[in-house]
Structure formats: structure tokens, C-alpha cells
Amino acid sequence: MKILQAAAFFLLLSGAAYGQIGRPGAPTSSIPPTPMNMPVGVGPGVNRADPSIPPEIRHQLEINRQNESHKKLVDDTERLLALATELKSDMDKTTKDMLSVQVLRKAEEIEKLAHNIKQEMKN
């Protein structure tokens, strides 16, 4: 029940932020919207560090951000496994004297994806 109340408050906050943008005489936020001060899934002008946002909602926003980050890591890891399996299959089809451009590109893509996964895990 508390989650529903928090979600309703969250929607009310984000709806108010969207509804007041662009209307003459509407109050504007003194903090310009940037990716650093906006929670995931919230419109411009809502700052997740804003003291007027209840701690429960801030906590839920952080949990949502962590869940989305974890989901992206899982998806990227699955993609990495698929690429590595494809690379192994492609390598089995080549000889020591023949290396295709496709195999090299796939290896580069694997390297970039692995690097991105490592960076996301550090954050």
C-alpha cells in the first residue's frame, strides 16, 4: 500500500512538473534540468536530491535506478556471451592462414562490450 501511495505521489510530482512547463506565468525551477539532477523516468525540473521529495520516494527512485542498471548489465552480459559464441563458431570455420574481417570486427565489438560492462560494474 505504501508503494502505491509513493507511486501516486511520484506521478503527481512528475505530472506537475510536466504540466507547468511552457505555460505563461507558471513558476520555473531555478535548477535547469540535467541528467545529473533528474531521477530515472522523471520529467524536467524534478531533482532527486530535492528535500521536498519524501525519503521513501527518493529511496524507491534509487532502487529503480539500481534495478535498471542491473537489468542493463544482465542484457549486456547475455549479448557478450552470444558474441563470444558466434566468434568461436566463426573461428572454427577459418584456417590459420585465413582470418576474415568479420571475425576481427566481432572481436573488437566483444572487447568494447566487455569494457563497457566492466565500467558499469565499477559505478
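Presented here is an overview of the structure given in this document. (Residues numbered from 1 in each chain as written. Predicted model: local features only at pLDDT ≥ 70, side-chain atom pairs only at ≥ 80, totals over all residues. Heavy atoms only, no water.)

### Points about the overall build of the protein
Along the protein, the regular secondary structure elements total three helices and zero strands. Its helices and strands in sequence order give the protein the pattern α-α-α, from N to C terminus. Counting over 123 residues, the protein shows a buried share of 20%. Carbon and sulfur atoms provide 62% of the accessible area of the protein, an area that totals close to 9,300 Å². (Helix = DSSP H or I, 4+ residues; strand = E, 2+ residues; numbered from the N terminus. Buried < 20%, exposed > 50% of the residue type's maximum accessible area, 1.4 Å probe, protein only. Areas by Shrake-Rupley, 256 points an atom, 1.4 Å probe, with all protein chains shown as cover.)

### Remarks on the layout of surface pockets
Approximately 190 Å³ is the volume attributed to the second largest pocket. Forming the boundary of the second largest pocket are Arg-65, Gln-66, Ser-69, Lys-72, Glu-120 and Asn-123. For the lining of the second largest pocket, the element with the most residues is helix H2 (residues 55-93), which contributes four residues. Partitioning the lining of the second largest pocket into residue classes produces no nonpolar, three polar and three charged. (1 Å grid on protein atoms, 1.4 Å probe; cavity = no way out; pocket = protein on both sides within 12 Å on 5 of 7 lines; lining within 4 Å. Points joined across faces, edges and corners; volume = space filled by probe spheres on them. Nonpolar A, V, L, I, M, F, W, Y, C, P; charged D, E, K, R; others polar.)

### Topic: the packing of H2 against helix H3 (residues 101-122)
H3 packs onto H2 with a crossing angle of 155 degrees between their chain directions and a minimal axis gap of 10 Å. Judged by the angle between their axes, H2 and H3 are roughly antiparallel. In terms of crossing hand, the pair formed by H2 and H3 is left-handed. Across from Lys-72, Leu-73, Asp-76, Thr-77, Arg-79, Leu-80, Leu-83, Ala-84, Glu-86, Leu-87, Asp-90 and Met-91 in H2, the residues of H3 making contact are Gln-102, Val-103, Lys-106, Ala-107, Glu-109, Ile-110, Leu-113, Ala-114, Ile-117, Glu-120 and Met-121. When the residues that make up the contact of H2 with H3 are grouped by side-chain class, the tally is 13 nonpolar, two polar and eight charged. (Axes fitted to C-alpha atoms, helices over the stretch in contact; angles between N-to-C directions. Parallel < 35°, antiparallel > 145°, perpendicular 65-115°, else oblique. Left-handed = near helix turned anticlockwise from the far one by under 90°. Contact = heavy atoms within 4.5 Å.)

### Overview of H2
Each α-helix winds once per 3.6 residues, and so residues spaced three or four apart point in a common direction. For H2, with 39 residues, the first-to-last C-alpha span of 57 Å sits near the 57 Å given by 1.5 Å per residue. Among the residues of H2, those classed as buried are Ile-57, Leu-61, Leu-73, Asp-76, Leu-83, Leu-87 and Asp-90. (Expected span 1.5 Å × (residues − 1).)

### As for the nonpolar core
One finds Leu-73, Leu-83, Leu-87, Val-103, Ile-110, Leu-113 and Ile-117 forming the largest nonpolar core, which totals seven residues. Of all the elements in the fold, those that place two or more residues in this core are H2 and H3. With four residues, H3 is the single largest residue contributor to this core. When neighbours within four sequence positions are excluded, Val-103 is seen to be in contact with Leu-87, Asp-90, Met-91 and Thr-94. (Core = buried A, V, L, I, M, F, W, Y, C linked by side-chain atoms within 4.5 Å.)

### Thoughts on the pattern of salt bridges
Taken as a whole and assessed by the stated rule, the structure comprises eight salt bridges. With a closest N to O distance of 3.0 Å, Lys-71 and Asp-75 form a salt bridge. One end of the pair, Lys-71, and the other, Asp-75, are both in helix H2, four residues apart, so they sit about a helical turn from each other. Each of Lys-72, Asp-76 and Glu-120 takes part in salt bridges that share partners, so that together they form one network. (Salt bridge = Lys/Arg side-chain N within 4 Å of Asp/Glu carboxyl O.)

### Observations concerning the environment of Ile-110
Within the secondary structure, Ile-110 is located in helix H3. Assessed through its relative accessible area of 15%, Ile-110 is described here as buried. On a C-alpha basis, the gap between Ile-110 and Leu-83 in space is 6.5 Å, while along the polypeptide they are 27 residues apart. Here Ile-110 is in contact with Leu-80, Leu-83, Ala-84 and Leu-87, once residues within four sequence places are set aside.

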